[in-house]
Amino acid sequence: MRRRGISLYGVAFGALALVAVAVPSYAAGFGVFEQGSKAMGMAGAFTAQADDPSLLFHNAGGLAFVTESDFAGGFTYIRGIKADFEGANPFPGSDYKAKQETLAEFIPHAYYVAPINQTWKFGLGVNAPFGLTTEWDANNFAGRYLSTKAALRTVDINPTIGWQVTPTFGIGLGAIARVSDVVLERRVPAVNPFTQTVVDVAGIKLESDPGTGFGWNVGILNKVNNSFSWGLSYRSKVKIDYEGDGRLTQVSTGNAQLDALLRTRLPFDRNLPIKTQIEFPDMASLGLAFALTPSLLLETDVNWTGWSTFDQTTIRFTGGDLPNSTIRSDWKDVMNYRAGLRWTRSASSELRFGFVFDETPQQEEAVSPLLPDADRNGYTIGYGWKGAKLKTDLALMYLDFKERTRAKTFEGESPFLGTYKTQAWLFGITLGF
Amino acid sequence: MRRTSIALLSLFALALPALGQADFTRYVSLGDSLTAGYQSGGLAGSISRNSYPALISRQARPGAAFDQPLISDPGIPAVLELRSLVGPTILPKAGMGNLTNPIGTRPYNNLGVPGANVRDTVATVSGGLHDVVLQPFSPLLRGRTALQQAVQQNPTFVTIWIGNNDALGAATSGIVIDGVTLTPLARFETDLRAIASAIAATGAKMAFANIPDVTTIPFVTTVPNVVVNPATNLPVLINGQPVRLIGPRGQLAAGDRVLLTATTELRMGKGIPTALGGSGLPLSDSSVLDAGEIATISARVAGYNNVIATVANERGAALVDVNKVLRNAAVSGIPVGGATFTPAFLTGGIFSYDGVHPTSFGYAYIANVWIDAINAKFGTSIQPVNLRPFAFGGASTQAALGANSEALLGSSLLFTDEAKHSLFKGLNIPENLQSAPPGGGGGGGRRGGGHGHGHGGGQEQ
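Residues numbered from 1 in each chain as written. Chains lettered and ligands numbered in written order. Predicted model: local features only at pLDDT ≥ 70, side-chain atom pairs only at ≥ 80, totals over all residues. Heavy atoms only, no water.

Description of the overall build of chain B
Part 1 of the reasoning: The number of helices and strands found in chain B is 17 helices and 18 strands.
Part 2 of the reasoning: The burial tally for chain B puts 59% of its 461 residues in the buried class.
Part 3 of the reasoning: Taking as baseline every contact in chain B between residues at least 6 positions apart, the subset at least 24 positions apart corresponds to 73%.
Part 4 of the reasoning: Carbon and sulfur atoms make up 56% of the accessible area of chain B, which totals about 16,900 Å². (Helix = DSSP H or I, 4+ residues; strand = E, 2+ residues; numbered from the N terminus. Buried < 20%, exposed > 50% of the residue type's maximum accessible area, 1.4 Å probe, protein only. Contact = heavy atoms within 4.5 Å. Areas by Shrake-Rupley, 256 points an atom, 1.4 Å probe, with all protein chains shown as cover.)

This is the structure:
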């Protein structure tokens, strides 16, 4: 039984529906595979090579073969070229166009590897394998009640042990401590009784404290002979519980009566405790590397990511200030395919090329301003230079997302239909000492 | 020259939208106030230019003419407005509009007549807003019913949403009299079949919509049937239990509904026990729709909807299940772009200030339900209406009224008597009916001789 009319305004505005409090969702799923510039130059096809300190991310099995201590650090800079949206009827309409705020993110990485003795090796990696940002104009974007900003950050601390079982066969085993925080922002709508149309009444920002979760990883590298090696790598799921606060800030409707009424109905300008949880997916890679000639090496990798962990995210207002909200994602497990070519020009110089086809885990209904994901092709070129003391690796990647059109909506959810077009450059630099 | 015309022809063919088996070249809509684009108790061209038939036409044949009667602001009758959120007060605007686009030489495409029921469509030629929509001032059209004016246009496609007034009059007047405020099922079927048969004879394709349940409209669902503390807007509890209002036959039962029009009586203390500060006098019969009346109306609406579905099926017509759409909206709202529209009065965005007719958003949403049903039935690919202009308005048009929030907390709704008179007059809903004595059955003769002046006071909705 509905509480019909008991409080005409109380009920209507109380339920004012934090309809879709956002969930973190980012590009490429929201994984970032570019965690070392050498591997990035070969589009991440590195599982069967794993011969620089970024092996800690790509295949811990490579740690077994480390013979001297080595440090590498750098970053990947992601720069959006285009993140455009064109609407479709019935909402927000075929006459509607919008652009995301230009993405510009630095994603750092640092690795240290060292032999303990001939058999046992140690490594410590720090990197950020998940994260990214979407941001839309909070005042004008037609999807502002769905999301205006979503930002997820993670940092993995990844101590690893390597065991050289035989001269050609190595195993690595690591522990993962992942620290992460999330920020989600959007506008809150209500029907203005005077116009009978929707108007912004508030902005809501959900901001978590850093949460921590734990996992593990394992890798195998088998250098069968001079012309063939294979590798297998697995990183486990990591579940993180987040706590934080939501905050509602009033946005004037232009009507003083309505604004005053809303001030009595909504908990503006207070910290509203929230909890949520994200289960980051596990991922596995199989790589095969072939020496075509003494100076030319080809690697092909297949990666699997268990994105079905990302099915729905519930944001709970533990103080009961606002209704809980659940975002449905229903992602699926996906594969991506990588190929890299390494051309050793001299003992100190390498050129690298790569191609990746990355399959989106996101089904059509879940495509939203929060995360408009798509299948994408990535094209890379890389250069490595080894000096007496310093190693430098550079990589450039052009990421071309397929146009992603959403024409369907989950039962009972808000239509926000249209086509997203996204392109980005990634630039990586890693220095080794 | 010849080559040019062929080229032009093929260009023209390319420009035609892919419309499957439905042809909207001569589209005519039959119906009542909902088809006319009536909103907030009046028919005003500034609103009705976006009636659902006009929207369907615009989507099916962009740029093509679709004639409908356009009445200058503030409409006929003048549309209701919300004056204030302090004791929310709803009143008609001042003045009266007039028809701005009489054609005279041919009928309108939109033949939705506010107040019309099924019988009116086949039998009534003047009276009430028939005098506007059917253009009886024109010698060429005088004496022709809505159905005749539809047939006369040799239509290629006809939408028919009629029958709301065959039941809603009973709901809005609070008085259920079979044959007076509620059309007997047999008569409904006869008249609907007459409509379908006449349209089918023209060769036009058809789409029908069914009738919503009265318990889904805010006119019936807004006012609680218990005593409410005006200071808190919460029910007054005695021994932990809410106290039901006093109706014409004693204390109301759980399933009894208090109509929007009861707000003036409630403000005078009627329906509220003296111990709780009321007058102790009962609410009048017309302010209450009791559970029995609701059951009677709902059963009859179900009967009408069966007839509509049967006739639509027999004629190979599309069927639009508005009844289901509104029931779903009552349960989970209509989500659009992160906002949720609901049937809640004033704050829901689907229903206008009269508690019966949709807002512009509501009509646009309904147009899309029609388009979906037509596409599904006829294999057409008519694009849905863009809802954004209807869902997102600009800033409030109401100037700041300097209210203080304390007063708002104690707000209570007042659907004024003026608003009620205006609404009922516009829709020819009888205001002074008495319930028939048990077993009396109500004389059905009030619209019996309805030709020519079918709006003699017996019309519903």
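As for the overall build of chain A
Part 1 of the reasoning: Looking only at helices and strands, chain A features four helices and 22 strands.
Part 2 of the reasoning: Here the C-alpha radius of gyration of chain A, 24 Å, is about what a compact globule of 433 residues would show, namely 22 Å.
Part 3 of the reasoning: Along the longest, intermediate and shortest principal axes, the C-alpha atoms of chain A span 80 × 40 × 35 Å.
Part 4 of the reasoning: Split into buried and exposed, the 433 residues of chain A put 58% on the buried side.
Part 5 of the reasoning: Restricting the contact set of chain A to residue pairs at least 6 apart, pairs at least 24 apart contribute 72%.
Part 6 of the reasoning: Roughly 16,700 Å² of accessible area belongs to chain A as shown, and the carbon and sulfur atoms make up 56% of that amount.
Part 7 of the reasoning: Across chain A, the centroid of the 41 positively charged side chains sits 1 Å from that of the 43 negatively charged ones. (Rg over C-alpha atoms; globule rule 2.2 N^0.38 Å. Lys, Arg positive; Asp, Glu negative; His and termini not counted. Charge placed at Lys NZ, Arg CZ, Asp CG, Glu CD.)

Here we look at the packing of helix α8 (residues 165-173) of chain B against helix α12 (residues 291-314) of chain B
A pair of packed helices can be characterised by two numbers: the angle between their axes and the separation between those axes.
Residues and elements named next belong to chain B.
Part 1 of the reasoning: Packing of α8 against α12 brings their axes to within 10 Å, and their N-to-C directions diverge by 170 degrees. Classified by the angle between their axes, α8 and α12 sit roughly antiparallel to one another. Judged by residue contacts, D166, A167, A170 and A171 of α8 engage I297, V301 and Y304 from α12.
Part 2 of the reasoning: Of the residues in the contact of α8 with α12, the class split is six nonpolar, no polar and one charged. (Axes fitted to C-alpha atoms, helices over the stretch in contact; angles between N-to-C directions. Parallel < 35°, antiparallel > 145°, perpendicular 65-115°, else oblique. Nonpolar A, V, L, I, M, F, W, Y, C, P; charged D, E, K, R; others polar.)

Section: the sheet that holds strand β15 (residues 318-320) of chain B
Residues and elements named next belong to chain B.
Part 1 of the reasoning: The sheet built from five strands is open, its strands ordered β4-β1-β5-β6-β15 with parallel pairing. Because the sheet does not close on itself, it has two edges, and the strands there are β4 (110-112) and β15. Taken pair by pair, the neighbouring strands of this sheet meet at an average axis angle of 15 degrees, ignoring direction.
Part 2 of the reasoning: The sheet contact formed by strand β1 (residues 27-31) and β4 spans three bridges and is parallel. Following the sheet pairing, S29 is matched in β4 by N110.
Part 3 of the reasoning: Across the sheet, helix α9 (residues 185-202) lies against β1, β5 (157-161) and β6 (205-209), angled at about 155 degrees from β6, the strand it touches most.
Part 4 of the reasoning: Contacting β5, β6 and β15, helix α14 (residues 360-378) runs over the sheet at an angle of about 150 degrees to β15. (Pairing = 2+ DSSP bridges.)

Points about the packing of aromatic side chains
Part 1 of the reasoning: Tallied over the full model, the rule gives 41 aromatic pairs over all chains.
Part 2 of the reasoning: Centroid distance A:F85 to A:Y96: 6.4 Å. Interplanar angle 55 degrees. Geometry classified as tilted. Note that A:F85 is positioned in strand β1 (residues 70-87) and A:Y96 in the loop between β1 and β2 (97-99), a separation of 11 residues in sequence.
Part 3 of the reasoning: A:F85 sits in the buried class, given a relative accessible area of 1%.
Part 4 of the reasoning: Of the aromatic side chains, those joined through ring pairs into one cluster are A:F85, A:F91, A:Y96, A:W136, A:F141, A:Y145, A:F416, A:Y420 and B:F392.
Part 5 of the reasoning: The lysine or arginine in question, A:R338, covers the ring of A:F33, its NZ or CZ lying 3.9 Å from the ring centre.
Part 6 of the reasoning: Over the ring of A:W343 we find A:R345; its NZ or CZ atom is 5.7 Å from the centre of that ring. (Phe/Tyr/Trp six-rings, centres within 6.5 Å; stacked < 30°, edge-to-face > 60°. Lys NZ or Arg CZ within 6 Å of the ring centre and 35° of its normal.)

Looking at the nonpolar core
Part 1 of the reasoning: The biggest cluster of nonpolar side chains holds 186 residues, and the ones touching the most others in it are B:L30, B:I199, B:F208 and B:F341.
Part 2 of the reasoning: Ranked by residues supplied to this core, first place goes to α14(B) with 11 residues.
Part 3 of the reasoning: Non-local contacts of B:F208, meaning those with residues more than four positions away in its chain, are made with B:I160, B:L192, B:A196, B:I308, B:V311, B:A312, B:A317, B:A318, B:L319, B:V320 and B:W370.
Part 4 of the reasoning: Grouped together as the second largest cluster of nonpolar side chains are 16 residues, A:M40, A:I78, A:L132 and A:A374 included. (Core = buried A, V, L, I, M, F, W, Y, C linked by side-chain atoms within 4.5 Å.)

Thoughts on the sheet that holds strand β3 (residues 89-92) of chain B
Residue and element names in this part refer to chain B.
Part 1 of the reasoning: Across the sheet, which stays open at both edges, the three strands sit in the order β2-β3-β18 with mixed pairing between neighbours. With one partner strand each, in any of the chains shown, β2 (80-84) and β18 (414-415) form the two edges of the open sheet.
Part 2 of the reasoning: Note that β2 and β3 share four bridges and pair antiparallel. By the bridge assignment, E81 is partnered in β3 with L91.

Regarding the packing of helix α4 (residues 52-60) of chain B against α14(B)
All names here are of chain B.
Part 1 of the reasoning: Closest axis-to-axis distance for the α4/α14 pair is 9 Å, and the angle between their directions is 55 degrees. One element, α4, and the other, α14, form an angle in the oblique class. Relative to α14, α4 is oriented so that their crossing is right-handed. Across the interface between the two elements, Y52, L55, I56 and Q59 from α4 touch Y363, A364, A367, W370 and I371 from α14.
Part 2 of the reasoning: A per-class count over the contact of α4 with α14 returns eight nonpolar, one polar and no charged. (Left-handed = near helix turned anticlockwise from the far one by under 90°.)

Some words on unusual backbone geometry
Part 1 of the reasoning: With omega at 5 degrees, the peptide bond leading from B:D73 into B:P74 counts as cis.
Part 2 of the reasoning: Along the chain, B:P74 turns up in the loop between α4 and β2.
Part 3 of the reasoning: Here the amide bond leading from B:I76 into B:P77 is cis, since omega sits at -20 degrees, within 30 degrees of zero.
Part 4 of the reasoning: Within the element layout of this structure, B:P77 appears in the loop between α4 and β2.
Part 5 of the reasoning: Although it is not a glycine, A:Q196 sits at a positive phi angle of roughly 60 degrees.

As for α8(B)
Because each turn of an α-helix spans 3.6 residues, side chains separated by three or four positions end up pointing in the same direction.
Residues and elements named next belong to chain B.
Part 1 of the reasoning: Counting buried positions over the nine residues of α8 gives nine, a clear majority of the element.
Part 2 of the reasoning: Considered for burial, the residues of α8 that qualify are N165, D166, A167, L168, G169, A170, A171, T172 and S173.
Part 3 of the reasoning: Backbone geometry just after α8 places G174 at a positive phi near 75 degrees.

Quick notes on the confidence of the model for chain B
Residues and elements named next belong to chain B.
Part 1 of the reasoning: This prediction gives chain B a mean pLDDT of 85; 83% of its residues lie at or above 70.
Part 2 of the reasoning: Contacts from residues 1-19, a stretch scored under 50 in pLDDT, to residues over four places away or in other chains number five contacts.
Part 3 of the reasoning: Both scores are given for the predicted complex: the pTM is 0.86, the ipTM 0.85. (pLDDT = per-residue confidence, 0-100.)

A few points about the pattern of salt bridges
A side chain of one charge can pair with a side chain of the opposite charge if their charged atoms are brought near each other.
All names here are of chain A.
Part 1 of the reasoning: By the definition in use, this model includes 26 salt bridges over all chains.
Part 2 of the reasoning: For E350, the salt bridge is made with R342, and the minimal N-O distance between the two is 3.7 Å.
Part 3 of the reasoning: Relative accessible area serves as the criterion here: at 14%, R342 is assigned to the buried category.
Part 4 of the reasoning: In this structure, a network of salt bridges that share partners links the residues K38, D51, R342, E350, R352 and D393. (Salt bridge = Lys/Arg side-chain N within 4 Å of Asp/Glu carboxyl O.)

Brief notes about α9(B)
All names here are of chain B.
Part 1 of the reasoning: Between its first and last C-alpha atoms α9 spans 26 Å; for 18 residues at 1.5 Å apiece the expected length is 26 Å, and the two agree.
Part 2 of the reasoning: Among all positions in α9, only R187, F188, D191, L192, I195, A196, I199 and T202 are buried. Across the axial projection of α9, the buried residues extend over an arc of 165 degrees, all falling on one side. Of the exposed residues in α9, those oriented more than 90 degrees away from the buried face are A186, T190 and A201.
Part 3 of the reasoning: Positioned one or two residues after α9, G203 has a phi angle of 85 degrees, which is positive. (Expected span 1.5 Å × (residues − 1). Arc of directions from axis to C-beta.)

What about a negative patch on the surface?
Residue and element names in this part refer to chain A.
Part 1 of the reasoning: A contiguous patch of negative charge on the surface is contributed by E207, D209, D241 and E243.
Part 2 of the reasoning: Here D209 is to be found in the loop between β8 (197-208) and β9 (211-225).
Part 3 of the reasoning: According to the relative accessible area criterion, D209 is partly exposed, its value standing at 45%. (Patch = residues over 30% accessible without salt bridge, like charges linked within 9 Å, V, L, I, M, F, W, Y side chains within 5 Å.)

So, the side chain of B:D354
All names here are of chain B.
Part 1 of the reasoning: Here D354 shows up in the loop between β17 (339-341) and α14.
Part 2 of the reasoning: Here H357 takes part through its side chain, which lies 2.7 Å from a polar atom of the side chain of D354.
Part 3 of the reasoning: Beyond its immediate sequence surroundings of up to four residues, D354 is in contact with Y38, Q39, S40, G41, L80, F219, L260, F345, F415 and L423. (Polar contact = N/O pair within 3.5 Å; in protein donor to acceptor, adjacent residues only side chain to side chain.)

A closer look at the environment of B:T124
Residues and elements named next belong to chain B.
Part 1 of the reasoning: Looking at the secondary structure, you find T124 in the loop between α5 (118-123) and α6 (130-133).
Part 2 of the reasoning: A C-alpha to C-alpha distance of 46 Å links T124 and P273, two positions 149 residues apart in sequence.
Part 3 of the reasoning: Here the side chain of T124 touches D120 through a polar contact of 2.6 Å, side chain to side chain.

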